[in-house]
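# Survey of secondary and tertiary structure
Residues per chain, in single letters:
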Number of protein chains: 2
Amino acid sequence: MKKLAVVALGGNALLRGDEKGTIEEQNKNSVDTLKNLVYLIKEGYNLVISHGNGPQVGNILMRNDAGQDAYDIPQMPLDICVADSQGGIAYMIERNLRNILKDEGINKNVVSIVTQVVVDKDDPAFQNPTKRVGKIYTSAQAEDLKAKKGWEFKKSPKGNDAWRRVVPSPKPIEIINESIIRDLVEAGNIVIASGGGGIPVFYDNEKNLQPLEAVIDKDSASSLLAQHIGASELYILTDVPFVYANYGTPEQEILEFLDAKDTRKHIENGTFGEGSMAPKIEAALSFVENGGLKSVITEAKQLEDRSVGTRITKEY
Amino acid sequence: MKKLAVVALGGNALLRGDEKGTIEEQNKNSVDTLKNLVYLIKEGYNLVISHGNGPQVGNILMRNDAGQDAYDIPQMPLDICVADSQGGIAYMIERNLRNILKDEGINKNVVSIVTQVVVDKDDPAFQNPTKRVGKIYTSAQAEDLKAKKGWEFKKSPKGNDAWRRVVPSPKPIEIINESIIRDLVEAGNIVIASGGGGIPVFYDNEKNLQPLEAVIDKDSASSLLAQHIGASELYILTDVPFVYANYGTPEQEILEFLDAKDTRKHIENGTFGEGSMAPKIEAALSFVENGGLKSVITEAKQLEDRSVGTRITKEY
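Structural notes, computed from the coordinates. All of these numbers come straight from a predicted model, not from anything done at the bench. The residue numbers shown here count from 1 along each chain, following its written sequence. Each chain gets a letter, beginning with A, and each ligand a number, beginning with 1, in the order they are written. Predicted model: local features are reported for residues with pLDDT of at least 70 only, side-chain atom pairs are reported and counted for 80 or more only, and whole-chain, interface and lining totals are derived from all residues. Remark: hydrogens and water are excluded; side-chain values derive from all non-hydrogen atoms of the structure.

### Here we look at unusual backbone geometry
Leaving glycine aside, a negative phi is the common case for residues, and trans is the common case for peptide bonds. Within the chain, A:Ser194 stands out as a residue other than glycine whose phi angle is a positive 60 degrees. The numbering of helices and of strands both runs from the N terminus, where a helix is a DSSP run of H or I of at least 4 residues and a strand a run of E of at least 2. Mapped onto the elements of the fold, A:Ser194 is located in the loop between β9 (190-192) and β10 (199-203). Each residue's exposure class comes from its accessible area (1.4 Å probe, protein chains only) as a fraction of the maximum for that residue type: buried when under 20%, exposed when over 50%, partly exposed otherwise. Classification of A:Ser194 as buried rests on a relative accessible area of 0%. The backbone of B:Asn177 sits at a positive phi, close to 70 degrees, despite the residue not being glycine. You can see B:Asn177 is positioned in the loop between β8 (172-175) and α6 (178-186). With a relative accessible area of 7%, B:Asn177 lands in the buried category.

As structure tokens, this is what we get:
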């Protein structure tokens, strides 16, 4: 058996917040990031690649809004927008990775699966939508959209009268086609799957798959996928080389090695703050608590020097 | 060996020209269409489903335009827009088909592959762009876009000063991941692939896959895929029960059975006019001339009564 790793690319691996979002930027970023995966491939890993879609689906939502205003084109719901973003991003990753593998003389195939992810319709997240999506509205626009579409809004820090739509972020419980993904990767293919946390769906009372207006955390979905396909390692790639305790305070401290117990303690103590790091740690922890050998949180460019990065194992 | 068919869904199978394009319409149309595939599945066919994307990618292009005007969001090139449409449409088909199969008590899995399709960079189509895409512009806007982006335009019949962008429609020569698609369908999965004719790419002189501003005819790509995976039958579903010779003239005539020789003769005589039927016949003919047993051109709802539809075989 070859080693099997799931690599979750952060949104900024493809498009950074300070960029405009052109295709040239996205292509360059994705090539720069993907080149680092060659180190893992050369070490004999089979790979599943998942990815964020924040900036891309944000743009798709804004375009939907603008298209309705300008040309009266009906807006698509969030599940379709996520599915659209999976198509565009997976294609960009697959094409660029094929070219990189060819240049490296590595004979591996790449295949991209449009992936639905199932959540529980009674997930408590539906009572408390937290994930901000789409454009900034004035309070008047937000009131209007709330009345018309039932959307929920929260105040945005980006202005005095700035409101953004919030949607629930329920927990993933099943990755549709996980056995196909496992078979493809075990046969040696690099599989791109579960982009943007997956297209959110749930089973209704008749066991029909129904669409959802929600966003599933991509690291949480990647961790579940890694668990279900029997991966040994989960790489969560982000924009810092290590996880820090008390980041940005005088007590800031690099965390290099963590076992499950210490990780849990840090989570309970709120050491990782409210930002985007806490969900990554939760995903990394869940993986090693459910059969995974090791979770690594680091930057893509640290994959060459495998001694950098926060490594979480069940026990030391 | 089970029988293997490729079914190409026309654009109107998902969204009709007289509809507004809401997700409710698209869901209803796709369910209505997909229910007819159950007849083929119950007869023991393994299926690959391809689909058009005309109305959907048209809307995506318009939204890109509107998003740039309203919010200065960079427009994505055509390859990304096609890839986006593959994600959204394949997901919609997969989810609805899963529910239909469950209702019918059919234990078959469905999987959607983001599909690149390779064309020849020296294809003569690049000298003569014919495929209209995106919104209608005034001549002043068209001149401006031609200067800025190098886009080509042709006059549209829809107005006095109406111009639309035209892109080449080159011939598909390779379906990326065709062997994966074949393996998945031979294992009993229903595979959704090559949507919208595929994401257009070509090999540059260094054998890198590069993106293209082009639209590949979806029936032509479906026919090539059917040939390469060894399908026995190709179903091209459209909005008429039969192909007609001299459609809309006093000489109009239903064509029920055609062999390759007669089909070629009709093509040479221009019997199918200039519309969208000619490329379907070419795709159907190419399939039976390259190992396929039978091509059928008909409406989805005729699949129950298998004696309706234009059936093309190599020989009578």
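Right, picking up where we left off after that structure.
### A look at the relation of the copies chain A and chain B
Residues below a pLDDT of 70 in either copy are left out; the C-alpha atoms of the rest, at least 70 in both, set the least-squares superposition of the copies. Note on the copies: chain A fits chain B at an RMSD of 0.0 Å, the axial shift is 0.0 Å, and the rotation between them is 180 degrees. What we have between these two chains is a two-fold relation. Take the interface residues of chain A: 100% of them recur as interface residues in chain B, which is what a same-surface contact looks like. Two residues form a contact once any of their heavy atoms are found within 4.5 Å.

### Observations concerning helix α7 (residues 218-228) of chain B
All names here are of chain B. The buried fraction of α7 amounts to nine of the 11 residues, a majority that puts the element mostly inside the structure. Those residues of α7 that fall on the buried side of the exposure criterion are Lys218, Asp219, Ala221, Ser222, Ser223, Leu224, Leu225, Ala226 and Gln227. Close packing links the buried residues of α7 with β1 (3-9), β2 (45-51), β8, α6, β12 (233-238) and α9 (277-289).

### Remarks on the nonpolar core
Think of a nonpolar core as a cluster: buried Ala, Val, Leu, Ile, Met, Phe, Trp, Tyr and Cys residues, connected wherever their side-chain atoms sit within 4.5 Å. Counting 98 residues, the largest nonpolar core has A:Leu47, A:Tyr235, B:Leu47 and B:Tyr235 as the members making the most contacts within it. Ignoring sequence-local partners within four residues, the contact set of A:Leu47 consists of A:Ala5, A:Val7, A:Leu37, A:Leu40, A:Ile41, A:Val185, A:Asn189, A:Ile190 and A:Val191. Membership of the second largest hydrophobic core comes to 90 residues, among which are B:Ile113, B:Val191, B:Leu255 and B:Ile281.

### Here we look at the pattern of salt bridges
If charged atoms from side chains of opposite charge come close, those side chains can pair. When a carboxyl oxygen of Asp or Glu is within 4 Å of a side-chain nitrogen of Lys or Arg, the pair counts as a salt bridge. Within this structure, the stated rule accounts for 36 salt bridges over all chains. Close ionic contact of B:Asp32 with B:Lys28 constitutes a salt bridge, the shortest N to O distance being 2.6 Å. One end of the pair is B:Asp32 and the other is B:Lys28, both in helix α1 (residues 23-35) and four residues apart, which spans about a single turn. Of the charged contacts, one joins B:Asp122 and B:Lys121 as a salt bridge, the two residues approaching to 3.9 Å between their closest N and O atoms. Classification of B:Asp122 by relative accessible area gives exposed; the value is 58%. In the salt-bridge network here, residues are joined through shared partners; they are A:Arg16, A:Asp18 and A:Glu19.

### Some thoughts on the interface of chain A and chain B
At the junction of the two partners, chain A supplies 56 residues and chain B supplies 56 residues. Carbon and sulfur atoms supply 60% of the area that chain A and chain B bury against each other, a total of about 4600 Å² over both sides. Buried area counts how much accessible surface, traced with a 1.4 Å probe, disappears from two parts once they are put together, with both parts' losses summed. When residues of chain A are sorted by the area they lose upon contact with chain B, A:Arg63, A:Tyr71 and A:Tyr91 head the list and together hold 16% of the total. Where chain A touches chain B, the interface holds two salt bridges. A salt bridge links B:Lys20 to A:Asp72, with the shortest nitrogen-to-oxygen separation between them at 2.8 Å. Whenever a nitrogen or oxygen atom comes within 3.5 Å of another N or O atom, the pair is scored as a polar contact, on the condition that within protein one atom can donate a hydrogen and the other can accept it, and that pairs from neighbouring residues in sequence are kept only if both atoms are in side chains. Taken together, the connections running from chain A to chain B amount to 32 residue pairs in polar contact (both at pLDDT 80 or more). Counting only elements with at least two residues in the side of chain A that touches chain B, the list comes to α1 (23-35), α3 (54-71), α4 (78-103), β3 (110-112), α6 (178-186), β10 and β11 (209-211) of chain A. Considering each element in turn, the side of chain A that touches chain B owes the most residues, 15 residues, to α4(A). Amino acid classes used here: Ala, Val, Leu, Ile, Met, Phe, Trp, Tyr, Cys and Pro are nonpolar; Asp, Glu, Lys and Arg are charged; the rest, including Gly, are polar. Here the side of chain A that touches chain B is composed, by residue class, of 26 nonpolar, 16 polar and 14 charged.

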